[in-house]
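Observations on the three-dimensional arrangement
Read off the chains here:
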Amino acid sequence: MEKEQTLLDEDAIRRALTRISHEMIEKNKGMEQCILLGIRTRGYPLAKRLADNLKHIEDIDLPVGSVDITLYRDDLEKKQADPEIHELDLPVSIEGRKIILVDDVLYTGRTVRAAMDALMDKGRPSQIQLAVLIDRGHRELPIRPDYIGKNVPTSRSEVIRVLFANSDNVDKVSIIQTE
């Protein structure tokens, strides 16, 4: 039996992303050298939303791309035999630029490590920052986000579900207790 509780509704997600956008501007003293890269699949729509916020706040068109970590996963042999691969979508060269990786949920840190490995195969950015909507803890690697929408302490038996209006017809983050 599953028990689901809403953590963030549409308004809370919007507020969290607005706050993160302002934090990015402040930390980077502007966004001129930055590129937003969403980790597929849920990080990419978040990156696009952050870029829209930054356009509204600073009137800057930030390059937005995506990174597919499929071939960089350390558990690839445990996953499906014939994974679907997407190309790394880099709108501009990452050489010497500040990269802001964007993902929906940070858990063990392994996804972020894989994304950094994929990036380093394509060039040498001056800096890599991390923005996440939810940080649920349980890190297995020394990875810490620069921007966090919400910290949600969880147990390993709980699951965080992120839904977006563009793909799921609703903006919502919930926590599910599996028993």
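For the structure itself, consult the block above.
Bear in mind the structure is a predicted one, so any value in this text is a computation, not a measurement.

Reading the values: rules and limits
Residues numbered from 1 in each chain as written. Predicted model: local features only at pLDDT ≥ 70, side-chain atom pairs only at ≥ 80, totals over all residues. Heavy atoms only, no water. Helix = DSSP H or I, 4+ residues; strand = E, 2+ residues; numbered from the N terminus. Rg over C-alpha atoms; globule rule 2.2 N^0.38 Å. Buried < 20%, exposed > 50% of the residue type's maximum accessible area, 1.4 Å probe, protein only. Contact = heavy atoms within 4.5 Å. Areas by Shrake-Rupley, 256 points an atom, 1.4 Å probe, with all protein chains shown as cover. Pairing = 2+ DSSP bridges. Axes fitted to C-alpha atoms, helices over the stretch in contact; angles between N-to-C directions.

A count of helices and strands for the chain gives four helices and eight strands. Secondary structure elements of the chain occur, N-terminal to C-terminal, as β-α-β-α-β-β-α-β-β-β-α-β. For 179 residues, the compact-globule estimate of 2.2 N^0.38 gives 16 Å, and the C-alpha radius of gyration of the chain, at 16 Å, lies within 12% of that figure. Taken across its 179 residues, the chain has 44% of its residues classed as buried. Considering only contacts within the chain whose residues lie at least 6 apart along the sequence, 69% involve residues at least 24 apart. As presented, the chain carries roughly 9,800 Å² of accessible surface, and 45% of it is formed by carbon and sulfur atoms.

One open sheet holds the three strands; their spatial order is β1-β8-β7, and the pairing between them is antiparallel. The outermost strands of the open sheet, each flanked by one partner alone, are β1 (2-8) and β7 (158-163). Ignoring strand direction, the axes of neighbouring strands in this sheet form an average angle of 25°. Both β7 and strand β8 (residues 172-178) contribute to a ladder of six bridges, which runs antiparallel. Bridge assignment links glutamate 158 to a residue of β8, and that residue is glutamine 177.

Turning to the sheet that holds strand β3 (residues 64-67), a few remarks are in order. An order of β3-β2-β4-β5-β6 is seen for the five strands of this open sheet, with the pairing classed as parallel. Each having just a single partner strand, β3 and β6 (147-151) make up the two edges of the open sheet. Direction aside, the axes of adjacent strands within the sheet are offset by 25° on average. Sheet topology note: the strand β4 (residues 98-106)/strand β5 (residues 127-135) ladder contains eight bridges and is parallel. Bridge assignment links valine 102 to a residue of β5, and that residue is alanine 131. Against the sheet, helix α1 (residues 10-28) touches β2 (34-39), β4, β5 and β6, its axis set at about 150° to β6. Running over the sheet, helix α2 (residues 43-58) touches β2, β3, β4 and β5 and is turned about 150° from β2.

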